[in-house]
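What the coordinates show
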Amino acid sequence: MKGKRLLSPIIFIVCWQILTLAEIIPAFKLPSPAQVLLGLRDLIQLGMPPGHPLLYHILYSLERVFWGYSVAVLIAVPLGIAMGWSQKIRDVVEPLVELIRPIPPLAWIPIAILWFGIGGTAAGFIIFLGAFFPVLLNTAAGVLAIDAILIEAARALNARGRDIFFKVLVPGSVPSIITGMRIGIGIGWMTLVAAEFTGVKQGYGLGYMIMTARDIQRPDEIIAGMLVIGIIGLGIDSCLRLLERRLIRWR
Amino acid sequence: MRAGGIDPRRGMTMRNLLVLLLLTALGIAPAVVLSVNKPVRMAYLQNDIHHLALWVALEKGFFAHEKVDVEISGIFRAGPEVMTAFAAGGLDMAYVGEAPATTAVANKACRVVVVAQVNTEGSALVVATGNAGIGKLSDLGGKTVAIPGHSTVQDFLLKKALKKEGVDLSRVNVIVLKPPEMINALRTAEIDAFIAWEPYPSQAATMGLGRKLATSRQMWSGHPCCVLVCDSVFLDANLERVRGVIRAHVRATAFIREHPEEAVRIGVKYTGMHAETVRTAMDTVHYTHELNIEGEKEYVQFLSELNYIRVESPQYFIEQFIDGEPLKSVTQK
Amino acid sequence: MALSLELVDLTKVFTASGPRDSISVFEKLNCRIEKGEFVSIVGPSGCGKTTLLRVIAGLEQASDGKVFLDGTSIDGRDPRVGLIFQEYALFPWRKTLENIETGLEFGGIPKKERRGAAMEYIRNFGLAGFENKYPKELSGGMKQRVAIARTLITNPEVVLMDEPFGSLDSQTRNDMQQFLLDVWQRRRDTILFVTHNVDEAVYLSDRILVLSRRPTKILKAVEATLPRPRDRTSPESNHIRRIILSLLSTSVMQ
């Protein structure tokens, strides 16, 4: 099963190598897979900008995403549950959400710089915005989707409001919460590169690394950087999928 | 698997490959521009007072006088972006820093040649006015300094000056900001200093936010800064028009020296800054069209030391990179 | 015998948008149920059997009339009234043991105690070995046993059951009826059992309340004082069944 799924990327890489070997696409526009691998080696050993190795870029980016995402989850999950629970809260929150959600996180960059300055906080804020709404909306939907009869069963067993909230709404909406979290981290990680265009004071970050590779005209390192970002994103999603499988054995 | 005949799965893979190749071939690359009737596509850097000659030539109609139609295809925020535009086939000629141009050509991103100098000197390192802790360049260890981009002239100057002062480069936190953002970052004390082309240093001084710690002249006297580059394919096909542009450039460069006040007026128009700021900025810039080969050798050597480029033969590279013929033919009239 | 549950003039009207749209579900229901009685309610579809149970359980409000429990009137949700749902309504994220002990958990009983109590029910209800299974892993009959245990463990005064065996196949249904009788004969809870299956009502109950169509009234309370275990096909059972069916059919004709 797994072998078949590898076939497609392999064919893709082969086509890519042929296209660049035959110089149908010039090398500076699209480096060959081999060149990208060499670029990756340079990123690891030499660093981009030189002296800033890949590992540190990864760690700083992961840290930024971690903070932005954590804050998003910590706010969105309780708020989402409250929204699912109470029509009144929905009436207050929903119009604001519908207004702000369509604004792309990237459009917030100038404001983010104004509020948080250059550096990790502004980038974390952009990531927060990307992750927040999927988590919020999936959580609320998850609560709303809980069969009303389960709430009635709880009431028939003499549950108080607090019991219904913590012992029915929360566990019942866990599947949706996790779905929202998976979507949220996906978007948050994707916003990373653009978020780091805010100019990261620490001088490290995968987005910053790619920007610098652009400045020094190293498309091989740009693509290698993109691949690193893609692979890490895949890794994060796989971890969440594992978490999902463990938490939702009852489905 | 069907008995007899090609395995349809393999057939489809071949077909996919051919489709991919076809789409790629169609999607590619700009045709060689038959540029006879099209204007010369030029670019300059946003608010860069070094590029004043271009603005003068545009305002005074020098290009029209040479019967060359010039179009500004882009105003960029920093040199590396200009070079990317060349790589994408979007520009024919440009005013740009010698360092990013060298980096781009050395890394084979695009093929341009330098046909004339634009200026020497004219940048400055600015520290926040309140920052008493930095009295000289060697005090920058452990501080945060902003540059407009990696492999820009300013990046180059900063690192060269720091090295000369014996400061360990790894101890200085060098970050990238676009010049307009630098002034604000200085104001909010997120950076300790920045280095940028004029008139930004003068603007910081006029606004009372910063003081010039060192001009680029002090860092490297007489260093070449911006150059007029031309796409090499375009040059081969349009020699006469390129000569016309160079002639206009030479004339505009002289104009700045001969009519400074009018030059200031034009500078104000293109930067939107006060006349006082522009005048102060212009004072530190040396406008000249004369090519500086020695300076370029410095660039190649230090950029290699910084590991931005790897050049097998610097001599050969420079010969290919700087083409003095068109300029010679224009000035030796 | 002591009185357990009494309905006095109990009325339920659903008002839609206007007065003309209001639906009278049941009007002025009166009945008295003794402690330890097993009473069934049968009636045509839509006559409000489920609504009646929900009103008594306090999940819905009566439009008029009163419900008395042990002599005092109850208004809304009272913990002495237990309700078992037709759809089991087990919490899918809780294992069998955790589902059963839910009522005790809400009541603040400490873990050790409620675990012990729940384990007893697991043993007595034939659920041994399944205490750590999730509802999705249980058969229909098992799920209903868990639902029953979950309610009985809170020792309600009155146990309301809303067609609990409606979704089971007939063999499992018969087994569950037997199971319920065994449990009831040991504990003697007061049970109010809604079903549309007349045979089931006849097999299980001391008394059967036959309801009319809407606006629902109690047509008749049929006594079923046959000794248990009962023979489903005995002449006495048939006789009672005939009475009920004829009451229901005339009701339909109207």
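Computed from a predicted structure; not experimentally measured.

1. A short note on the overall build of chain B
Along chain B, the regular secondary structure elements total 16 helices and twelve strands. Dimensions of chain B along its principal axes, counting C-alpha atoms only, are 85 × 50 × 40 Å. Here chain B holds 333 residues, and the buried ones make up 50% of them. Residue pairs at least 24 apart in sequence account for 81% of intrachain contacts in chain B once pairs closer than 6 positions are excluded.

2. As for the overall build of chain A
Check the secondary structure of chain A and you find ten helices and zero strands. Secondary structure elements in chain A, listed N-terminal to C-terminal, are α-α-α-α-α-α-α-α-α-α. C-alpha atoms of chain A, sized along the principal axes, occupy 75 × 50 × 30 Å. With 251 residues in all, chain A has 45% of them scored as buried. Intrachain contacts of chain A at a sequence separation of at least 6 include 74% that bridge at least 24 residues.

3. Description of the arrangement of the chains
Comparison of the two pairs of chains in contact shows the highest number of contacts for chains A and B. Across all C-alpha pairs, the smallest distance from chain B to chain C is 40 Å, and the two are not in contact.

4. Description of the nonpolar core
Within the largest apolar cluster, 236 residues are counted, with the highest numbers of intra-cluster contacts made by Val56, Ala94, Val115, Val145, Phe194 and Val229 of chain B together with Leu160 of chain C. Contacts of Val56 of chain B, omitting those with residues within four sequence positions, involve Ala252, Phe255, Ile256, Ala263 and Ile266 of chain B.

5. Some words on the pairing of strand E6 (residues 123-128) of chain B
All names here are of chain B. For E6, the buried fraction is high: six of the six residues fall into the buried class. Side chains Ser123, Leu125 and Val127 project from E6 onto one buried face, and the interleaved Ala124, Val126 and Ala128 project onto a second face that is buried too. Bridge count between E6 and strand E9 (residues 193-197): five bridges; the pairing is antiparallel. Pairing of Val126 across the sheet is with Phe194, part of E9. Note that E6 and strand E10 (residues 210-215) share five bridges and pair antiparallel. Counterpart to Val126 in the pairing with E10 is Lys212.

6. Brief notes about the interface of chain C and chain A
With 19 residues of chain C at the interface, the matching set in chain A holds 13 residues. Of all the secondary-structure elements, those providing two or more residues to the side of chain C that touches chain A are strand E6 (81-84) and helix H3 (102-106) of chain C. For the side of chain C that touches chain A, the leading source of residues is H3 of chain C, giving three residues. Taken together, the residues of the side of chain C that touches chain A break down into eleven nonpolar, five polar and three charged.

7. A closer look at the domain arrangement of chain B
Residues and elements named next belong to chain B. With domains assigned, chain B is organised as domain 1 (40-120 + 224-331) and domain 2 (123-219). Breaking the side of domain 1 that touches domain 2 down by element, the ones donating at least two residues are helix H4 (79-87), helix H5 (98-106), helix H13 (275-283) and helix H14 (293-305). No other element matches H13, which puts five residues into the side of domain 1 that touches domain 2.

8. A short note on the sheet that holds strand E8 (residues 173-176) of chain B
Residue and element names in this part refer to chain B. The mixed open sheet is built from five strands, whose spatial order is E8-E7-E9-E6-E10. The sheet is open, and its two borders are formed by E8 and E10, each paired with just one other strand. Each strand axis lies, on average, 30° off the axis of its neighbour in the sheet, ignoring direction. Set on the sheet, helix H6 (residues 153-165) makes contact with E6, strand E7 (144-147), E9 and E10; between it and E9 the angle comes to about 130°.

9. Side note on the sheet that holds strand E3 (residues 93-97) of chain B
Residues and elements named next belong to chain B. Strand order in the open sheet formed by five strands is E2-E1-E3-E11-E4, with mixed pairing between adjacent strands. Two strands close off the open sheet at either side, each with one partner strand: strand E2 (70-76) and strand E4 (112-117). Taking each pair of neighbouring strands and ignoring which way they run, the sheet shows an average axis angle of 30°. In terms of strand pairing, E3 meets strand E11 (residues 226-231) through five bridges, oriented antiparallel.

10. Things to note about the interface of chain A and chain B
One frequently used descriptor of interface size is the decrease in accessible area upon assembly of the parts. Chain A puts 23 residues into the contact, and the matching count from chain B is 34 residues. Looking at the side of chain A that touches chain B, the elements with two or more residues in it are helix H1 (2-21) and helix H9 (206-215) of chain A. Considered class by class, the residues forming the side of chain A that touches chain B number twelve nonpolar, seven polar and four charged.

11. A look at the environment of Ala196 of chain B
All names here are of chain B. Structurally, the position occupied by Ala196 is in strand E9. Along the chain, Ala196 and Leu17 lie 179 residues apart, while their C-alpha atoms are 49 Å from each other. Setting aside residues up to four positions removed in sequence, Ala196 forms contacts with Ser123, Pro148, Gln154, Pro179, Met182 and Pro201.

What counts and how
Residues numbered from 1 in each chain as written. Chains lettered and ligands numbered in written order. Predicted model: local features only at pLDDT ≥ 70, side-chain atom pairs only at ≥ 80, totals over all residues. Helix = DSSP H or I, 4+ residues; strand = E, 2+ residues; numbered from the N terminus. Buried ≥ 20, exposed ≤ 12 C-beta atoms within 10 Å, placed from the backbone. Contact = placed C-beta atoms within 7 Å. Core = buried A, V, L, I, M, F, W, Y, C linked by C-beta atoms within 7 Å. Pairing = 2+ DSSP bridges. Nonpolar A, V, L, I, M, F, W, Y, C, P; charged D, E, K, R; others polar. Domains from an automatic or database assignment. Axes fitted to C-alpha atoms, helices over the stretch in contact; angles between N-to-C directions.

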